[in-house]
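# Architecture and fold: a report
So you can see what is in the structure, the chains are spelled out below.
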Amino acid sequence: MQHLADTARRFAALAPAADYWSIRLVAEESEHLEVRQGVAEPCALSLGRGAMVTLMRGGGLGYAATSDLSDAGLAAAARRAAAWAQAQARLGLFSAGLYPRSSAHLEYQSRVAQPWASMTVADKLDLLQGACDALEIDERIVDWSAWLGHWRVDQLLVTSDGGHIAQTWEYTEPGLMAVANAGSQTQRRHGGGADWSQQGGLERIAACGLREDGLRVAEEALALLGAPECPSGDLDLILLPSQMVLQIHESIGHPLELDRILGDERNYAGTSFVTPDMFGNYMYGSGLLDVTFDPSVPGELASGVADDEGTPTERAYLIRQGILERPLGGALSQARAGLPGVANARASAWDRPPIDRMANLNLEPGDETLAGLISRVERGVLMDTNRSWSIDDSRNKFQFGCELGRLIEDGELRGLVRNPNYRGISANFWRSLDGVGDLASREVRGVCNCGKGEPNQAVYVGHAAPPCLFRRVAVFGGEA
Amino acid sequence: MSPAEFFALADALCARLKGNEVLFCGLDGEDSDFVRLNQGRIRQAGAVHSRSLGLTLIDGARQVEGGCDLGGDPGQDLAIVVDLLGRLRERLPQVPEDPYLNYSTEPGTGEHRAASDLPDPAGALTGLIEAAEGLDLVGIWASGDLYSGLASSLGHRYWHQGASFNLDWSCYLSGDKAVKAAYAGTHWDPGALDARLAEVRRSLSVMARPPKVLSPGRYRAYLTPQALKELTDMLSWGGFDLKSHRTHQTPLLRLVRGERTMHPAVSLYEDQARGLNPRFTGEGFLTPDRVDLIAAGAYRDCLVEARSGKEYGVPVNAAGESPESLAMDPGDIPRAEALARLGEGLAIGNLWYCNWSDPNDCRVTGMTRFATFWVEGGEPVAPVAVMRFDDSLYQLLGDRLEGLTQERDLLLSADTYGGRGSDSCLLPGALVDGLTLTL
């Protein structure tokens, strides 16, 4: 972080006259190790660094990002940002004065129990070799792999108002995959942490069961080959946290993004069925639905102390007892819309400006065990691990698919079903919520490929959720 | 960064190699302006100056990869990459020998610079905003230089550079009622922009009519090239790469096994001769002009990148295993007659957010979006509220395909994840006797 502070000081010394400026400096280091079919893939180490300069001048706002952190490079970025500020002052959608100014002093660092560097590359590859070997249990397993990723982000935001926010996020991400095939039927199963990312160090290996999960992953892939297709009909549906993550993400998170409601995303990610008049009165779901923006959950992907505009983060209810309370909008969007929001203006990297993102969006736990939820289903399907996702540009008509389904009959789990899918309409779906798992059943997960924005940005967002029960959902399978 | 600067940096690195080490250096850079628009005004405007270097260090049968961002100052950049080289060298003894290591041992040189004539971005935006007066225009302007380079200690020296603009936008009436348009290329023509705006205004006049609400069911449909692209994008997602085929993961498995067929009019190929992407791979191989993927409805060849090529013993023919320059052969329907041939049904301007609902049967779900109209008597008569479809490509591009248009559109990607993209596709429109709407 010290080298970023040095760069910020150099920029402060050469920054042009402006009403306000900020510089967001990012240094990243990532690594990916993988063993596929017993053969180590080339291990990849990536080092990134760059600066995003934002400048407010003459009633306009502009930005410029650069990987050239020399004095000349920073000065060139400032000139380019000033030029775009001049254009925005003339042709802008809103006054630059709405842009939030930050003078906050904050620090954040991911909790890491076992540092990435505490194991050698050779030891990590040995571990992955063992995990990969455990997947090769049958000749019908036609592809299999085990991997371990690491990503550390140091970010420093410094502003002309004296703001100084230093945050370090660190992620260690293990995973397993097995592909089974028989004839023209292929089934894929993931595990070992593949869809269970959190902040942290090598302790995530044990937490995700990388060493132990291979047999289950491979056996389930094989079992799905011979399983019947998921039945079709309006059935009760229990979604495990591994699918609740996606359901929350697509049909609550995206529609509540304030920049979508303001129309910024209409050309790409889309608009929203939510309109400004709904906040404070719209019944988004059943009374069991409580959704929070919560940057304080330990280990959750987007936990932190401030967003990339420099606004300190704090927990807030977005939906309480089914009633819509506030959108996912950062300070700039709040000022444009005249609505309350949260600190969620985030950028994917040093070369992109902040926009409204989900950060951590969680469905709060209820008071039922998973067994209790199952016991209340006469005929239904339990679905596990997202496989497919599609939703309309207003975030209403969705269709999602999972890797694995399991029939529920007369309150008891039955056999596997393959290719489970379901579809619905967001505005109706959450009103069919009839059961929410308790704190013990909640899992802290997230989505690592959330894309939106022009230019495009993909970010990590956190979602914590328990299993949930929905009544009478359109469920179906694949081609028999 | 100029090619001379890049090659000088690579030479300096190669001079630091030890023993029998081999080094490949790949450079990607862009100088871009990005301007977001909403309600016909600038929402967010800025610029990105980016250079990133990728290294592959090889010693015998071992290899490790690395990457870093570069600034532009030769001295500082050299210090950064020498440090990275040192870290890679420390790792090399820790990795096992790689049976699938595969790189070109035949050095070559080449330089491709595409001619261009770009406007000043602020001036172009001023013109656009004035010309779009009265329209609720939303979208993105992206423009500037893109370049890629490859150098190796074996003597490879390749450079690919171009400058382009990509204006990707839509105009809204209300809610989700909108018409999408794009204007992208290497030579800016204000007249071409005016023509597109006029077409958008014409489509919006139909969009203003009361919408037709459809029930789930099967409808005849005409898919514009832009809509068809969403379906070919799905095929590109694992459909053509060698590894997916050899591990039975391709969604075209039943086509390959002879259990399903596509229409004889469907011929797809990777048109690398188009030249919008580099013709060299990161391992120093050169790509052929063309790879036939599906010919007359039957599966032909896979795209083969270096690693899979070594694993399965097949010659390299692509930098990656997804198409970058896909093309579909034209058909025999004059575009001007497409709606007349449709008669009654859907004219679909765009599909969106497609994903697999049953990859084993090449079945795709997705949404209609933007200008989708109900057609009667060969004329668009009303907009259609967005609908979900769920259908197998074995039907849409198989027994339900009536034909393809004679004319094709070159569609330049507006994707900017990880940097401005240069992918493109050349596609006709498609007339389909039945698209299944489900919601």
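The model shown is predicted, which means the values in this text are computed figures rather than measured ones.

### Notes on the environment of A:Arg445
Residues and elements named next belong to chain A. Locating Arg 445 in the fold gives a position in strand β21 (residues 443–452). Residue class for Arg 445 comes out buried when judged on its relative accessible area of 6%. Each C-alpha atom of the pair Arg 445 and Leu 69 lies 35 Å from the other, and the pair is 376 residues apart in sequence. If near-sequence neighbours (up to four positions away) are discounted, Arg 445 is found in contact with Asp 195, Trp 196, Ser 197, Pro 241, Ser 242, Val 245, Glu 300, Leu 301, Gly 462, His 463 and Ala 464. Within the structure, the side chain of Arg 445 is placed 3.0 Å from the backbone oxygen of Asp 195, a separation counted as a polar contact.

### Here's the deal with the sheet that holds strand β12 (residues 323–324) of chain A
Consider a sheet: its strands pair through backbone hydrogen bonds, and that pairing is either parallel or antiparallel. Residues and elements named next belong to chain A. In spatial order, the strands read β12-β11-β10-β15; together these 4 strands make up an open sheet with antiparallel pairing. The sheet is open, and its two edges are formed by β12 and β15 (361–363), each paired on a single side. Pairing analysis gives 2 bridges linking strand β11 (residues 316–320) to β12, with the strands arranged antiparallel. When the sheet's bridge partners are listed, Ile 319 is paired in β12 with Leu 324.

### Brief notes about the domain arrangement of chain B
All names here are of chain B. The assigned domain composition of chain B is domain 1 (3–207) and domain 2 (217–437). Using only C-alpha atoms to locate each centre, domain 1 and domain 2 end up separated by 25 Å. Domain 1 puts 41 residues into the contact, and the matching count from domain 2 is 33 residues. Regarding the contact of domain 1 and domain 2, the summed buried area is about 2600 Å², with carbon and sulfur atoms giving 61% of it. Ranking the residues of domain 1 by area buried against domain 2 places Tyr 100, Asn 102 and His 160 at the top, with a combined share of 23%. Summed over the shared surface of domain 1 and domain 2, the result is 1 salt bridge. The partner of Arg 307 in a salt bridge is Asp 98, with the nearest N and O atoms 2.7 Å apart. Remark: the boundary between domain 1 and domain 2 carries 11 residue pairs in polar contact (both at pLDDT 80 or more). Going through the elements one at a time, β1 (22–38), β5 (136–152), β6 (157–174), β7 (177–185) and α4 (190–207) are the ones with two or more residues in the side of domain 1 that touches domain 2. Classifying every residue of the side of domain 1 that touches domain 2 gives 17 nonpolar, 16 polar and 8 charged.

### Digging into the pairing of strand β4 (residues 60–66) of chain A
All names here are of chain A. By the criterion of burial, β4 is predominantly enclosed, with 7 of the 7 residues buried. Side chains Gly 60, Gly 62, Ala 64 and Thr 66 of β4 all project onto a buried face; the interleaved residues Leu 61, Tyr 63 and Ala 65 project onto the opposite face, where all are buried too. Where strand β3 (residues 44–57) meets β4, 7 bridges bridge the pair, whose relative direction is antiparallel. Bridge pairing links Met 52 to Ala 65 in β4.

### Comments concerning the pairing of strand β14 (residues 363–376) of chain B
A regular strand places its side chains so that they alternate between the two faces of the sheet. Residues and elements named next belong to chain B. In terms of residue burial, β14 counts as a mostly covered element, since 13 of its 14 residues are buried. Direction of pairing for strand β13 (residues 345–358) relative to β14: antiparallel, over a ladder of 10 bridges. Residue pairing for β14: Ala 347 is matched across the bridge by Phe 373. Hairpin connection from β13 to β14: 4 residues lie between these consecutive antiparallel strands, with Cys 362 at a positive phi of about 55°.

### Structural notes on unusual backbone geometry
Residue and element names in this part refer to chain A. Here Glu 454 and Pro 455 are connected by a cis peptide whose omega angle stands at 0°. For Pro 455, the position within the fold is in the loop between β21 and β22 (457–465). You will see that Gln 321, though not glycine, has its phi angle at about 50°, which is positive. Assignment of secondary structure puts Gln 321 in the loop between β11 and β12.

### Describing the packing of helix α1 (residues 3–14) of chain B against helix α2 (residues 74–91) of chain B
Residue and element names in this part refer to chain B. Taken N-terminus to C-terminus, the directions of α1 and α2 make an angle of 40°; their axes are 10 Å apart at the nearest point. By the angle class used here, α1 and α2 are oblique. Between α1 and α2 lies a crossing whose hand is right-handed. Mapping the contact onto sequence places Leu 9, Ala 12 and Leu 13 in α1 and Asp 77, Leu 78, Val 81, Val 82 and Leu 85 in α2. Counted by class, the contact of α1 with α2 contains 7 nonpolar, no polar and 1 charged residues.

### Points about the pattern of salt bridges
According to the stated counting rule, one finds 63 salt bridges over all chains in the structure shown. For A:Asp161, the salt bridge identified is with A:Arg101, shortest N-O distance 2.9 Å. One end of the pair, A:Asp161, is in the loop between β6 (141–159) and β7 (164–182); the other, A:Arg101, is in the loop between α2 (71–91) and β5 (105–109), and 60 residues separate them in sequence. Overall, A:Asp161 belongs to the partly exposed group, its relative accessible area being 32%. As a salt-bridge pair, B:Asp271 and B:Arg274 come within 3.4 Å of each other at their nearest N and O atoms. Its relative accessible area of 18% is what places B:Arg274 among the buried residues. Taken together, the shared-partner salt bridges in this structure form one network comprising A:Arg189, A:Asp213, A:Arg216, A:Glu220, A:Asp384 and A:Glu403.

### Section: the domain arrangement of chain A
How big an interface is tends to be stated in terms of accessible area lost as the parts join. Residues and elements named next belong to chain A. Split into domains, chain A comes out as domain 1 (2–226) and domain 2 (233–476). Taken over C-alpha atoms, the centre of domain 1 sits 22 Å from the centre of domain 2. In this assembly, 44 residues from domain 1 lie in contact with 42 residues from domain 2. Both sides together, the interface formed by domain 1 and domain 2 hides about 3600 Å², and carbon and sulfur atoms give 56% of it. Asp 195 serves as the salt-bridge partner of Arg 445, at 3.1 Å between the closest nitrogen and oxygen. On inspection of domain 1 and its partner domain 2, the count reaches 22 residue pairs in polar contact (both at pLDDT 80 or more). Those elements that provide at least two residues to the side of domain 1 that touches domain 2 are β1 (20–36), β3, β4, β5, β6, β7, β8 (185–191) and α5 (214–226).

What counts, and where the lines are drawn
Positions within a chain are numbered from 1, following the residues in the order the chain's sequence is written. Here every chain gets a letter starting at A, and every ligand a number starting at 1, in the order they are written. Totals for whole chains, interfaces and linings use all residues, but because this is a predicted model, local features are given only for residues with pLDDT of at least 70 and pairs of side-chain atoms are given and counted only at 80 or more. Heavy atoms throughout the structure, all of them, feed into the side-chain values; hydrogens and water do not. Secondary structure counts use DSSP, requiring at least four H or I residues in a row for a helix and at least two E residues in a row for a strand, with both numbered from the N terminus. A 1.4 Å probe rolled over the protein chains alone gives each residue an accessible area, and that area as a share of the maximum for its type sets the label: buried under 20%, exposed over 50%, partly exposed in between. In this description, contact between two residues means that some pair of their heavy atoms is separated by no more than 4.5 Å. Polar contacts here mean pairs of N or O atoms no more than 3.5 Å apart (in protein, one a potential hydrogen donor and the other a potential acceptor; neighbouring residues in sequence count only if both atoms are side-chain atoms). One requirement defines pairing of two strands: DSSP has to find at least two bridges between them. As used throughout, domain bounds are those supplied by an automatic or database domain assignment. A 1.4 Å probe defines the accessible area here, and the buried area is the portion of it lost by two parts on being joined, summed over both. Any Lys or Arg side-chain nitrogen found within 4 Å of a carboxyl oxygen on Asp or Glu counts as a salt bridge. Gly counts as polar in this scheme, as do all residues outside two lists: the nonpolar Ala, Val, Leu, Ile, Met, Phe, Trp, Tyr, Cys and Pro, and the charged Asp, Glu, Lys and Arg. Axis definition: a line fitted to C-alpha atoms, over the contacting stretch in the case of helices. Angles run 0 to 180 degrees between N-to-C directions. Roughly parallel refers to an angle under 35 degrees, roughly antiparallel to one over 145, roughly perpendicular to one between 65 and 115, and oblique to any angle outside these ranges. Take the far helix as the reference: if the near one is turned anticlockwise from it by less than a right angle, the crossing is left-handed, and if turned clockwise, right-handed.

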